[in-house]
Amino acid sequence: MMALPQTVGFKAEAVDEEGVWCACTVEEVDDDYVIVSFDGWNTEWNRCVCDPREIRDRTLPDRKRKRRNLPLQIG
């Protein structure tokens, strides 16, 4: 398990809200959490990651796991 990244711009993989590992970039760093943006997704899908088990080094840099920019579903 890796610790939470401490560098803005760090490329990683993080778990999305459905439990799928997706390529991401660290956007903001705090002592207790990081904000990640998922590569190829709109900013409304950015996620706060507090648990180091939900973020990891990229396993295959050339394998991009992107979703289409789906509208945010509320409700």
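Residues numbered from 1 in each chain as written. Predicted model: local features only at pLDDT ≥ 70, side-chain atom pairs only at ≥ 80, totals over all residues. Heavy atoms only, no water.

1. Focus on the side chain of Thr-25
Move 1: Inspection of the secondary structure puts Thr-25 in strand S2 (residues 21–29).
Move 2: Of the residues examined, Thr-25 reaches a relative accessible area of 10% and is grouped as buried.
Move 3: For Thr-25, the side chain forms a polar contact with the side chain of Lys-11, separated by 2.8 Å. (Helix = DSSP H or I, 4+ residues; strand = E, 2+ residues; numbered from the N terminus. Buried < 20%, exposed > 50% of the residue type's maximum accessible area, 1.4 Å probe, protein only. Polar contact = N/O pair within 3.5 Å; in protein donor to acceptor, adjacent residues only side chain to side chain.)

2. Points about the pattern of salt bridges
Side chains that carry opposite charge are capable of pairing whenever their charged atoms lie near each other.
Move 1: According to the stated counting rule, one finds four salt bridges in the structure shown.
Move 2: Where Glu-13 meets Arg-56, a salt bridge forms, and the shortest distance between an N and an O atom there is 2.8 Å. On the criterion of sequence distance, the pair formed by Glu-13 in strand S1 (residues 11–15) and Arg-56 in strand S5 (residues 55–56) is long-range, its members being 43 residues apart.
Move 3: Classification of Glu-13 as buried rests on a relative accessible area of 2%.
Move 4: Taking the relative accessible area as the measure of exposure, Arg-56 reaches 25% and is therefore partly exposed.
Move 5: As a salt-bridge pair, Arg-53 and Asp-51 come within 2.7 Å of each other at their nearest N and O atoms. (Salt bridge = Lys/Arg side-chain N within 4 Å of Asp/Glu carboxyl O.)

3. Considerations on the pairing of strand S3 (residues 34–38)
Move 1: Where burial is concerned, most of S3 is hidden: five out of the five residues are buried.
Move 2: Where burial is concerned, the two faces of S3 agree: the one with Val-34, Val-36 and Phe-38 and the one with Ile-35 and Ser-37 are both buried.
Move 3: Judged from the five bridges that link them, S2 and S3 form a sheet pairing that is antiparallel. Note that in S3 the partner of Thr-25 across the bridge is Ser-37.
Move 4: The turn linking S2 back onto S3 is made up of four residues. (Pairing = 2+ DSSP bridges.)

4. Observations regarding the sheet that holds S3
Two modes of strand pairing occur in sheets, parallel and antiparallel, and in both the strands are linked by backbone hydrogen bonds.
Move 1: Read from one edge of the open sheet, five strands run S4-S3-S2-S1-S5, paired in antiparallel fashion. Each end of this open sheet is capped by a strand with a single partner; those strands are strand S4 (47–49) and S5.

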